[in-house]
Amino acid sequence: MAIPQKPKLLYEITIQRGRYFRRFAWWLLAGVAAVGALVALDTAATRGMADESLLNVGKIIALIASILFGLRALISLLGWLRRRNETLKIFDKGLVWTKRGSNQQYSWSSLTQYREAGRGLYLGKRPLFQWGAHRLTMNDGKTLKITGVHGDLRKLGSILRKPAARVTGAVMGRTLREEQPVRLSRQLTVWPGGVEAGKLEIPWSEVDVRLKNGRLIIYRLNKSGKFQPIKRYNPRRLDNVGGFMEVATATIRNHQRERFEKQR
């Protein structure tokens, strides 16, 4: 008899509300110091204590620093007011989210929709600003939103992508075998016989799909025997892109066997 394997922890983060107040205090202190520097430089310029052009440059830098530090202080204060202590653990078999006294546990088989919509600006491996969320809709109707508060959204996306694609792809495959359509967005629907991109219906024997340069591209076979791009989608506005790619890739191979045999 096989021995059940212990779930493997892939990611863990604990968010403590108090750290937001500490950040607020530090950014506020930095902002006060920047404002003080601005006042001092203005006073020096008024009294002609140094070269005016140099003092003007210093005043501009101090003003920009004051605004940036003030914004960070405000963001930290809002985080302290809105956030609560929470812990997120992502395992190879599911996830556990402890928040506001409740403990939510889900296996990956509970996932029905996944949209990887979190974005950000990064300096190397360091996130500068992040917005949006990776959204997981579970079979009990709840939607879990993983945001930049929980860490680097690029890393979190790479962790969530594979299990989400596996599960949603399997669900999508079963739905199509039952002769039912699967809708990724208002402009993209998968049917048992092919893909409906906008108002175009393309059979599996004539379609190709690729993820390229941050876009999901739908191709159609033209009269000259070449695949021509006809629709481009932002994956962040689609549900279950990974699952769709798994189903589409396998189905296209079945309907275009000669093409793939030539590529071997």
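You'll find the structure just up there.
In this text the structure is predicted, and so the values were computed from the model without any measurement. (Residues numbered from 1 in each chain as written. Predicted model: local features only at pLDDT ≥ 70, side-chain atom pairs only at ≥ 80, totals over all residues. Heavy atoms only, no water.)

**Q** Could you give an account of unusual backbone geometry, naming the residues involved and the relevant values?
**A** One non-glycine residue, E179, lies in positive phi territory at about 65°. Along the chain, E179 turns up in the loop between α3 (153-177) and β10 (182-185). Classification of E179 by relative accessible area gives exposed; the value is 57%. Phi at N240 takes a positive value of approximately 60°, unusual for a residue other than glycine. One can find N240 in the loop between β16 (227-233) and α4 (241-255). (Helix = DSSP H or I, 4+ residues; strand = E, 2+ residues; numbered from the N terminus. Buried < 20%, exposed > 50% of the residue type's maximum accessible area, 1.4 Å probe, protein only.)

**Q** Any details on the packing of aromatic side chains? Residues and values, ideally.
**A** Within this structure, the stated rule accounts for one aromatic pair. Relative to F69, the ring of W27 has its centre 5.7 Å away and its plane inclined at 35°; by these criteria the two rings are tilted. In this pair, W27 sits in helix α1 (residues 17-46) while F69 sits in helix α2 (residues 52-82), placing the two residues 42 residues apart along the sequence. Classification of W27 as partly exposed rests on a relative accessible area of 27%. Directly above the ring of Y122 sits R154, whose terminal nitrogen or CZ lies 3.7 Å from the centroid. Geometry around Y219 places R210 over its ring, the cationic atom sitting 4.2 Å from the centre. (Phe/Tyr/Trp six-rings, centres within 6.5 Å; stacked < 30°, edge-to-face > 60°. Lys NZ or Arg CZ within 6 Å of the ring centre and 35° of its normal.)

**Q** So, the layout of surface pockets: which residues are in play, and what are the values?
**A** Of the pockets and cavities examined, the largest pocket occupies roughly 1300 Å³. The wall of the largest pocket is formed by 31 residues, among which R23, R72, I75, G148 and V149 lie closest to the centre. Of all the elements in the fold, those that place two or more residues in the lining of the largest pocket are α1, α2 and β7 (126-131). Broken down by element, the lining of the largest pocket gets its largest block of residues, nine residues, from α2. Broken down by class, the residue content of the lining of the largest pocket amounts to 14 nonpolar, seven polar and ten charged. Estimated volume of the second largest pocket: approximately 530 Å³. Taken together, 26 residues form the lining of the second largest pocket, with E116, R161, L211, P235 and V241 sitting closest to its centre. (1 Å grid on protein atoms, 1.4 Å probe; cavity = no way out; pocket = protein on both sides within 12 Å on 5 of 7 lines; lining within 4 Å. Points joined across faces, edges and corners; volume = space filled by probe spheres on them. Nonpolar A, V, L, I, M, F, W, Y, C, P; charged D, E, K, R; others polar.)

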